[in-house]
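Listed below are the residues making up each chain.
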Amino acid sequence: MFNPELTNAVEKFATLMINVPDADLNLPWHWKGHDEGIRFAFFVTLLELRQLTVKLTLERSTTTKASPHTPAQYILAQYHSAFMDLHAVLVGLSTEKAILAPGKKEWPVRTTVAHILGADIDFSAVIRYALENHRSGTWMPNPIPKKEYERLYTLSEKEYDALMNATFPRLLTYHRKLHPKILREFAGITKEELAMPAAFWEETRFHIGYRLHRFEAHMRQHTIQIDKTLVSIGCGPNEAKRLIRMLYSALAEVNGVLISPDDKKNQDSIELARTIDSRVKELSKIIN
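Residues numbered from 1 in each chain as written. Predicted model: local features only at pLDDT ≥ 70, side-chain atom pairs only at ≥ 80, totals over all residues. Heavy atoms only, no water.

A. Geometry of the overall build of the protein. A tally of helices and strands in the protein yields twelve helices and two strands. Along the chain direction, N to C, the helices and strands of the protein fall in the order α-β-β-α-α-α-α-α-α-α-α-α-α-α. At 21 Å, the protein has a C-alpha radius of gyration in line with the 19 Å of a compact globule built from 288 residues. The C-alpha extent of the protein, read off along each of the three principal axes, is 65 × 55 × 25 Å. For the protein, buried positions account for 49% of its 288 residues. Sequence separation of at least 24 residues holds for 78% of the intrachain contacts in the protein that already meet a minimum separation of 6. For the protein, the exposed area adds up to about 14,500 Å²; of that, 56% sits on carbon and sulfur atoms. If you average the places of the 37 positive and of the 34 negative side-chain charges in the protein, the two averages end up 2 Å apart. (Helix = DSSP H or I, 4+ residues; strand = E, 2+ residues; numbered from the N terminus. Rg over C-alpha atoms; globule rule 2.2 N^0.38 Å. Buried < 20%, exposed > 50% of the residue type's maximum accessible area, 1.4 Å probe, protein only. Contact = heavy atoms within 4.5 Å. Areas by Shrake-Rupley, 256 points an atom, 1.4 Å probe, with all protein chains shown as cover. Lys, Arg positive; Asp, Glu negative; His and termini not counted. Charge placed at Lys NZ, Arg CZ, Asp CG, Glu CD.)

Here it is as C-alpha cells:
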C-alpha cells in the first residue's frame, strides 16, 4: 500500500500555495537554470511525480519486486483518482464557505461531502458482507439484515448519525482515514470474486466488480456537483487551485501503482516526499 509521507508532502505544498494570487506566481524562484517564477515549482513537482509513476509501473510489471496489478486493484486505483480529485477541489475551503448553500433547494458543500462519505461507508459494507458470505459459502440473494449494519459500518447508529452531522473538518478527517482502509481491505479481491453478486437496495443483484466501480462513479458525480456549487458561491478556482488539482491527479497515479493488500513501504515515495518538503520550506520563505 502507498505510504502517507508523499501524500502529506503534496498536501503541504498545496496548503502553502492555494491562496497565492495569480500575479504572485511570477515571484522569482530559481531551479537548475530555470527562472520562471514560483509557478514553475508546480511543474517541477508534477514532473517528479510522473517520473516516479513510470518507474514504479515498470518495476511492478517487469520485476519481482511486486506482483502485477489485479483487476480489483486497477478498479481501486480509479477510485483513488476520484478521491484525490475530490480533495483537490476542497483544498483551502473554509467551514464558513462549506456550509453556504447556493440556493434554497441546493446542497452546500458540507452536505455533499457527508453524502459522499455515507455512500463510501454503504458501498464498503455491501461489498464486505457479500465477500464474507461468498467466502464462507453462505451467500443468499437478500439485502443486508438491519442488525448487521453496525458491525459492517464499525459504527453504532448513534455514532453514524453524529458523523453525518459533524463539522466539515471532521468529515474530511474521517474520510481521509477511511479511504486507505477501503483500498487495503479490498485490494485482495480476486478476479473470480469480482463476478460474484452482492445485494443492496436495488432489485438487481449487481456483481462485486460493479460495486467497486460505484465508488468512483458516485464520487465523480458529486465532485462535479461541488464544482458547480463553488462557482455559485464565488469560490471558483484560481490558477493555483487549478495547478493543485493537476498535482493531486499525478499523486493519485503514483499511489494507484502502489495499491496492494500489504503495508510495505516504498522508499522512492519517501525520498520524493523529502524533496517536496524541502521545496515547501524554500517556497515559504519567498511567499511569506
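B. Layout of the nonpolar core. Of all hydrophobic cores here, the largest spans 96 residues; its most connected members are Leu 6 and Leu 212. Of the residues forming this core, the biggest block, 14 residues, is contributed by helix α5 (residues 109-136). If we ignore the near neighbours within four places in the chain, the residues touching Leu 212 are Ala 72, Ile 75, Leu 76, Ile 127, Phe 186, Ile 189 and Leu 194. (Core = buried A, V, L, I, M, F, W, Y, C linked by side-chain atoms within 4.5 Å.)

C. Spotlight on the side chain of Asp 120. As for its placement among the helices and strands, Asp 120 is situated in helix α5. Buried within the structure, Asp 120 lacks any salt-bridge partner; Arg 214 is the closest side chain of opposite charge, at an N-O distance of 9.3 Å. Beyond its immediate chain neighbours, meaning those up to four positions away, Asp 120 contacts Tyr 79, His 175, Leu 178, Ile 182, Phe 215 and Met 219. (Salt bridge = Lys/Arg side-chain N within 4 Å of Asp/Glu carboxyl O.)

D. Representation of the packing of aromatic side chains in the model. Evaluated as defined, the whole model comprises eight aromatic pairs. For the pair Phe 206 and Tyr 210, a centre-to-centre distance of 4.1 Å together with 15° between the ring planes defines the contact as stacked. For Phe 206, a relative accessible area of 25% gives the class partly exposed. The rings of Tyr 79, Phe 123, Phe 200 and Phe 215 are connected pair by pair, giving a single aromatic cluster. (Phe/Tyr/Trp six-rings, centres within 6.5 Å; stacked < 30°, edge-to-face > 60°.)

E. The arrangement of the packing of helix α3 (residues 71-90) against helix α8 (residues 168-186) in detail. Axis separation between α3 and α8 bottoms out at 10 Å; the angle between their running directions is 165°. By the criterion of interaxial angle, the relationship of α3 to α8 is roughly antiparallel. Handedness of the crossing formed by α3 with α8: left-handed. Each of Ala 72, Leu 76, Tyr 79, His 80, Phe 83, Leu 86, His 87 and Leu 90 in α3 lies in contact with α8, whose residues at this interface are Phe 168, Leu 172, His 175, Arg 176, His 179, Ile 182, Leu 183 and Phe 186. The class makeup of the residues in the contact of α3 with α8 is eleven nonpolar, four polar and one charged. (Axes fitted to C-alpha atoms, helices over the stretch in contact; angles between N-to-C directions. Parallel < 35°, antiparallel > 145°, perpendicular 65-115°, else oblique. Left-handed = near helix turned anticlockwise from the far one by under 90°. Nonpolar A, V, L, I, M, F, W, Y, C, P; charged D, E, K, R; others polar.)

F. Local environment of the environment of Ala 195. Position of Ala 195 among the secondary structure elements: in the loop between α9 (191-194) and α10 (208-232). For the pair Ala 195 and Ile 144, spaced 51 residues apart in sequence, the C-alpha to C-alpha distance is 19 Å.

G. Here's a closer look at the environment of Glu 159. Here Glu 159 is to be found in helix α7 (residues 157-164). Between the C-alpha atoms of Glu 159 and Ala 240, which are 81 residues apart in sequence, the distance is 37 Å. Within the structure, Glu 159 has its side chain in polar contact with the backbone nitrogen of Ser 156 (distance 2.8 Å). (Polar contact = N/O pair within 3.5 Å; in protein donor to acceptor, adjacent residues only side chain to side chain.)

H. Quick look at α5. With 28 residues, α5 extends 41 Å between its outermost C-alpha atoms, agreeing within 8% with the 40 Å of an ideal straight helix rising 1.5 Å per residue. Looking one or two residues beyond α5, the residue adopting positive phi is Gly 137, at roughly 75°. (Expected span 1.5 Å × (residues − 1).)

I. Spatial organisation of α8. In a regular helix each residue adds 1.5 Å, so 19 residues correspond to 27 Å; α8 covers 27 Å between its end C-alpha atoms and thus fits that length. Of all the positions in α8, only Phe 168, Leu 171, Leu 172, His 175, Leu 178, His 179, Ile 182, Leu 183 and Phe 186 are classed as buried. Buried positions in α8, seen along its axis, are confined to an arc of 135° and lie on one side of it. For α8, the exposed residues set more than 90 degrees away from the buried face come down to Lys 177 and Lys 181. Among the structural elements, α3, α4 (95-98), α5, α7 and α10 are those in contact with the buried residues of α8. (Arc of directions from axis to C-beta.)

J. Representation of unusual backbone geometry in the model. With a phi close to 50°, Lys 32 is a non-glycine residue in the positive phi region. Tracing the backbone through its elements, the reader meets Lys 32 in the loop between β1 (30-31) and β2 (34-35). Residue Lys 32 is classed as exposed on the basis of its relative accessible area of 68%.

K. Seen up close, the packing of helix α1 (residues 4-17) against helix α2 (residues 39-62). Two numbers describe how α1 lies on α2: the axes approach to 12 Å, and their chain directions differ by 165°. One element, α1, and the other, α2, form an angle in the roughly antiparallel class. Crossing geometry of α1 relative to α2 is assigned as left-handed. Contacts from Leu 6, Phe 13 and Met 17 of α1 reach α2 at Ala 41, Phe 42, Thr 45, Leu 49 and Leu 52. Residue classes in the contact of α1 with α2 are distributed as seven nonpolar, one polar and no charged.

Worth remembering: the numbers are spatial, not functional.
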